[in-house]
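# A look at the structure
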Amino acid sequence: MVQASAVEIRKVNKFYGPFQALKDIDLSIPPGKVTCLIGPSGSGKSTLLRCINFLEPYESGKILIDGQMIGYDAPGKPMSGRRLRDMRRSIGMVFQQFNLWPHMTAQQNVAEGLIRVRGLRKPDAEERAAEALRKVGMADKMGNHPARLSGGQQQRVAIARAIAMEPRLMLFDEPTSALDPELVGEVLGVMKTLASEGMTMVVVTHEMGFAAHVADQVAFLEGGELVAVDTPSTILHHPRDARIRAFLRTYHERNAF
Amino acid sequence: MFSIQTFIDSFGPLLWAARYTLLVSGLGIALGLVLGAAICAAALSRNAWLRKFAAIWVSFLRGVPLLVQLLLLYYLLPVVGINVPAIAAAVISVGICASAYISEIWRGAIAALPPGQTEAAEAIGMSSGDIWTRIILPQAVVMSLPALINELILLVKASSLVSVVGILEITRASQAQAATTFRPLEVYLAAACIYLVINLCLAAIGRWLEHRAAV
Amino acid sequence: MDFGVLQQYGPLLLRGFATTVFCWLVGTLLGMALGLLIALAQRYGGRPLRWILQAYIEVIRGTPFLVQLFVLYYGGPLIGLRLDAVPAGLLGLTIYGSPYFAEIFRSGFTAVPVGQIEAARAIGMAEPVVIRRILLPLGLVSALPALVNFSIILTKETVILSIITVPELMYQVSRMSTETFRYLEANLVLALFFWGLVEAISRLGRRLERRITKHLVERV
């Protein structure tokens, strides 16, 4: 039985001027599973993630979300802003720098998209926001502005903001890289819960422990190329490619002090 | 309709009058630099009275419109027994006004220097005089150059106000020209062009200095 | 100082002050509005529009306010723009202030972290909503100190309107001093008055800033 992919990436290329950031990327993201993108910094893994919701336009190739191409109606024909926005509604994104809106409380941050994008009435949106915040364990801090929250708390609110929109797919761009080490756990915990509920997730991360224990597949990128896609144990414990071995060696040396 | 000929003809007398614009703004900034240095020193001194004086000086001159300052000084000088030509009153007024802004520019530049540099100099036993002349001032002066050029641009524009005490600079000359030709639009546009060219040149110098400082 | 004179000219001076405040408020608000439009057009407009607006900014910032007023008030009628002193003054203030306000807004917008705008786009927010709900509120907050500062500078520029016979405070004071020959006293009082006014507005502005930015300051 062939299961349709949630995201199908085919021959995607991306350039910054003469610099090629992504080279012929082919990758399938299975629905209901967690895919981790790992690799050294500058490998293109964040760029690839940002292409999936078209925050970064790609120049050639295709990215299909549930069978529908994002960013273009046909190759070379950009889609209208309205259609792009419609597609983005079903893709949640969590950023490295949280990117909460500082002039709104936690609850307002979550409700904003429900009101302005989904067209919910304010009381309904606030109720849904409260529910999403409860889910990430932030019910007691709903009235706080981001400046009054720790990094881990801000990131949990950002996750609530994304899941309140009821996305079919969640993108995480190094969600714990900007956090103090003691705050990483609470955010990974929320992500684990989401994964266990069957959310389709694509996660760019440096947390090899998370990749090993939560991911269903791991993709390793380097220099804009997709080097390997496989199960976590194959990539992280029995890597065949020398580049992956080198990367893991550096990673373990750094973390062993 | 718009007369190109009048527009072009206006440039002759207006350019001749531009020397007074340059004189007032040039001498104004020179006086402003000297006075500004003194005010800045007062603002940074250990003496509380000097600091207070500098604060009032800056606050007054930045709070009062230049036109009012100009007339105030123009009428004040004779009363206190100083009889100088209008041009001198104009330069003094512009210079005093500029000193308030320039002292703040320098204070800002000095404050922007990392305190670590002074500490490093102290650590190797440099005297405080040497620290000022060798470490702080050379950097602060270079850093403040773009802001000072900016101040000069403001003064070129502000010098148009000295037309009210009868200095025949660009603006005054264009008023006279407009009255004799009955073509105010052409004449004033010509005046605007001259100001614009002067200021664009100054801005280019400022950008060049900024670029050099950044390298 | 002869206070009899003040009593005699009191109503005139009050009217002048009212005109000053009126011109300042209206000129500042219109200048801000125009500046905001310019800043948004520069951010979202095409290259030709951006280029034209940049030229406008350079020209207005490169020429004295007084000369701009002369072009408008004395030169305007030649191209059919016949304005009384007060409207000419208001239009002049609006135009004069607009490029400075535009630059203030522009740098305010630049200060809004790109990520916060991306976050809005990522949940599918339409661009006008992004502007209204995210870019404007955050940009305004970071622009606020500069906005207050420049508005204060504009209070001082209003005296220049007296030269094109706008009957604001400076105009009335000059009229009083030519009639009474008390030039020095009149200008001294005017200077002290503006000093007090500007100090007061600055304090008010700082208080306003603190209130608006209160919850944006990190306090974990």
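Residues numbered from 1 in each chain as written. Chains lettered and ligands numbered in written order. Predicted model: local features only at pLDDT ≥ 70, side-chain atom pairs only at ≥ 80, totals over all residues. Heavy atoms only, no water.

## Let's talk about the overall build of chain C
Assigned secondary structure in chain C consists of 8 helices and 0 strands. When the elements of chain C are put in sequence order from the N terminus, they spell out α-α-α-α-α-α-α-α. Dimensions of chain C along its principal axes, counting C-alpha atoms only, are 70 × 50 × 25 Å. Across the 220 residues of chain C, 50% fall into the buried class. Long-range pairs, those at least 24 residues apart, make up 75% of the contacts in chain C with a sequence separation of at least 6. (Helix = DSSP H or I, 4+ residues; strand = E, 2+ residues; numbered from the N terminus. Buried < 20%, exposed > 50% of the residue type's maximum accessible area, 1.4 Å probe, protein only. Contact = heavy atoms within 4.5 Å.)

## Some details on the UniProt feature "domain: ABC transmembrane type-1" (unreviewed entry) in chain B
Using the residue numbers shown here, the UniProt feature "domain: ABC transmembrane type-1" (unreviewed entry) corresponds to residues 18-206 of chain B. With 84% helix and 0% strand, residues 18-206 of chain B has its two end C-alpha atoms placed 21 Å apart. (UniProt positions renumbered as here; feature names shortened; annotations may be inferred.)

## Concerning the UniProt feature "transmembrane region" (unreviewed entry) in chain B
Residue and element names in this part refer to chain B. Under the local residue numbering, the UniProt record ascribes the feature "transmembrane region" (unreviewed entry) to residues 20-44, 56-76, 82-102 and 188-209. In residues 20-44, helix accounts for 100% and strand for 0%; the two terminal C-alpha atoms are 35 Å from one another. Helix makes up 100% of residues 188-209 and strand makes up 0%, while its end C-alpha atoms are separated by 31 Å.

## Points about unusual backbone geometry
All names here are of chain A. Look at Asp24: it is not a glycine, yet its phi comes out positive at around 45 degrees. Relative to the assigned elements, Asp24 resides in strand E2 (residues 19-29). For Asp24, a relative accessible area of 44% puts it in the partly exposed group. Phi at Asp66 takes a positive value of approximately 50 degrees, unusual for a residue other than glycine.

## A short note on the side chain of Arg50(A)
Summarising the element assignment, Arg50(A) is placed in helix H1 (residues 45-52). Of the residues examined, Arg50(A) reaches a relative accessible area of 13% and is grouped as buried. A polar atom in the side chain of Arg50(A) sits 2.4 Å from the side chain of Glu118(C). Aside from chain neighbours lying at most four places away, what touches Arg50(A) is Leu55(A), Glu56(A), Met93(A), Phe95(A), Asp173(A) and Glu118(C). (Polar contact = N/O pair within 3.5 Å; in protein donor to acceptor, adjacent residues only side chain to side chain.)

## A look at the sheet that holds E2(A)
All names here are of chain A. The strand order E2-E1-E4-E5 describes an open sheet built from 4 strands, whose pairing is antiparallel. Two strands bound the open sheet, and with one partner strand each, they are E2 and strand E5 (68-69). Sheet analysis places strand E4 (residues 60-65) next to E5, joined by 2 bridges and oriented antiparallel. Opposite Ile65, over in E5, you have Gln68 as the bridge partner. (Pairing = 2+ DSSP bridges.)

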